[in-house]
Amino acid sequence: MIDILKKKVALSALKYISRNSIIGIGSGSTMKYFIKALSSIRSLIIGAVASSIQSYNYLRKLNIPIIELNNLNSVIDIYIDSADEVNNNLEMIKGGGGALTREKIISSASKKFLCIIDESKYVKILGISFPLPIEVIPMALKFVSQELRKLGGIPKFRRNFVTDNGNFIIDVFNLQIYQPVFLEKYINNIPGVVCVGLFAIRKANTLLISDINGVRKII
């Protein structure tokens, strides 16, 4: 059932794509459905900017034109991605797949951010059901973990995983995030942190949520 909802919301995102636009592409299972749908109108867009090697490879497999962010002379028209959790203020946790840093870069370089999720990802309070991912420089793993414990979190090193940037991931459990913007700024200022998977400063402009009744929009 979840896969059906993911496919439904991915297809609904196509109507937000304008002709001759540049699309920022997120990562994850929902985005795989979206990329497949995007291939049906690939001739209408200029190209796509990928947020992960996984998404890059899938775009290339489906012959969707790919653009490197550093080669762009303008901003990305729209960034489309899913999330691990989203609250009613359109703030979110991302990074379950480990691509949070590149996702944050591309979303910040985009005019609009469209988030697409199934209903299981829509929550009242961030951090209760899903841990907060943080990308860290390898040598700072222990230090950053110690600092995160001071916040009341339970940090766990994501073993046997290296990000596309060559860094490690710490997943922080036991957080109830009532002030996402404050926490995002605070964690980002811990030496050794590359990026925290809180998207509160650059949150979504529009959220699409699929459930058994269809797809609803929140702005």
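Residues numbered from 1 in each chain as written. Predicted model: local features only at pLDDT ≥ 70, side-chain atom pairs only at ≥ 80, totals over all residues. Heavy atoms only, no water.

A. Spatial organisation of unusual backbone geometry. A positive phi is found at Asn63, a non-glycine position, where the angle reads about 60 degrees. Relative to the elements of secondary structure, Asn63 occurs in the loop between α3 (53–61) and β3 (76–81). When its relative accessible area of 57% is taken as the criterion, Asn63 is described as exposed. If you check the backbone angles, Asn174 has positive phi at about 70 degrees while not being a glycine. In this structure, Asn174 sits in the loop between β9 (168–173) and α6 (180–188). (Helix = DSSP H or I, 4+ residues; strand = E, 2+ residues; numbered from the N terminus. Buried < 20%, exposed > 50% of the residue type's maximum accessible area, 1.4 Å probe, protein only.)

B. Quick look at the sheet that holds strand β11 (residues 198–199). The strand order across the open sheet formed by three strands is β4-β5-β11, and the pairing between neighbours is antiparallel. Pairing within the sheet leaves two strands with one partner each, and these edge strands are β4 (85–86) and β11. Where strand β5 (residues 92–93) lies against β11, two bridges are found, and the strand directions are antiparallel. Bridge pairing in β11 links Ile93 to Leu198. (Pairing = 2+ DSSP bridges.)

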